[in-house]
Structure formats: C-alpha cells, structure tokens
Amino acid sequence: SIHMVNTKIDDGDLIDESIFEINTNSMYKLMKQNVSLISEQIPKTVSKIFKDNIKVIDISERKKNYYLYPKKSDFKEFYKKKCRLI
C-alpha cells in the first residue's frame, strides 16, 4: 500500500494498493514478491501524483493494524504453521 504521510504512524490517506494472494510460506519469497510489485506500483503512483490524479481509497470500514517487532511467541507460532524466513 502507498499512503500519504502525516504525523501519526500508518495513518495517512491510502492512495494506492495492490492486493494479491499469498502462495508461499517463505518470508523471503513473500518479500521478493512484494519488492517486484512495489517496483511497478511506485512509478505509476508517482505519475498520478504529478498529474494530480490521486483518488483516496476509503478504508474507514477496515480494521486498523500496525505491527511492531515480533515477539518470541510470534516466531513460535510462525514456525508452528510450517512457515520459514528463507
């Protein structure tokens, strides 16, 4: 997701997003997929900003989440689900 920045963490208006199916248990593969998607998304969104063609995406009905660093219990649950970092 790409959002406008303000003084609060993860609070600015959402101006672009990519929704995709996660089809791996590997954090490494998921991050590679994210990097690939965002490398295409950022130039398109910047172009929209320069053309003043941004439409705010309404997320008022969505649950707000902001995750900090995982705890030891988070890693245990992660591995229990057969997920892996690499």
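Please refer to the structure placed before this passage.
Residues numbered from 1 in each chain as written. Predicted model: local features only at pLDDT ≥ 70, side-chain atom pairs only at ≥ 80, totals over all residues. Heavy atoms only, no water.

A. Spotlight on helix α1 (residues 27-50). Compared with an ideal rise of 1.5 Å per residue, which puts 24 residues at 34 Å, α1 spans 34 Å between its outermost C-alpha atoms and is within 8% of the ideal. Along α1, the sharpest change in direction is near 25° and occurs at I38. Among the residues of α1, those classed as buried are L30, Q41 and T45. In this fold, the buried residues of α1 make contact with β1 (2-3) and β2 (14-16). (Helix = DSSP H or I, 4+ residues; strand = E, 2+ residues; numbered from the N terminus. Expected span 1.5 Å × (residues − 1). Bend = angle between axes of the 7 residues up to and from the residue. Buried < 20%, exposed > 50% of the residue type's maximum accessible area, 1.4 Å probe, protein only. Contact = heavy atoms within 4.5 Å.)

B. Quick look at the packing of aromatic side chains. According to the stated counting rule, one finds 2 aromatic pairs in the structure shown. Ring centres of F75 and Y79 lie 6.5 Å apart, and the angle between their planes is 25°; this geometry places the pair in the stacked category. Of the two residues, F75 and Y79 both sit in helix α2 (residues 72-80), 4 residues apart, roughly one turn of that helix. For F75, a relative accessible area of 34% gives the class partly exposed. What makes Y79 partly exposed here is its relative accessible area of 43%. (Phe/Tyr/Trp six-rings, centres within 6.5 Å; stacked < 30°, edge-to-face > 60°.)

C. Local environment of the side chain of D16. Within the secondary structure layout, D16 lies in strand β2. For D16, which is buried and forms no salt bridge, the nearest opposite charge comes from K48, at a distance of 4.3 Å. Within the structure, D16 has its side chain in polar contact with the side chain of T45 (distance 2.5 Å). Excluding residues within four positions of it along the chain, D16 makes contact with S1, I2, Q41, T45, K48 and I57. (Lys, Arg positive; Asp, Glu negative; His and termini not counted. Salt bridge = Lys/Arg side-chain N within 4 Å of Asp/Glu carboxyl O. Polar contact = N/O pair within 3.5 Å; in protein donor to acceptor, adjacent residues only side chain to side chain.)

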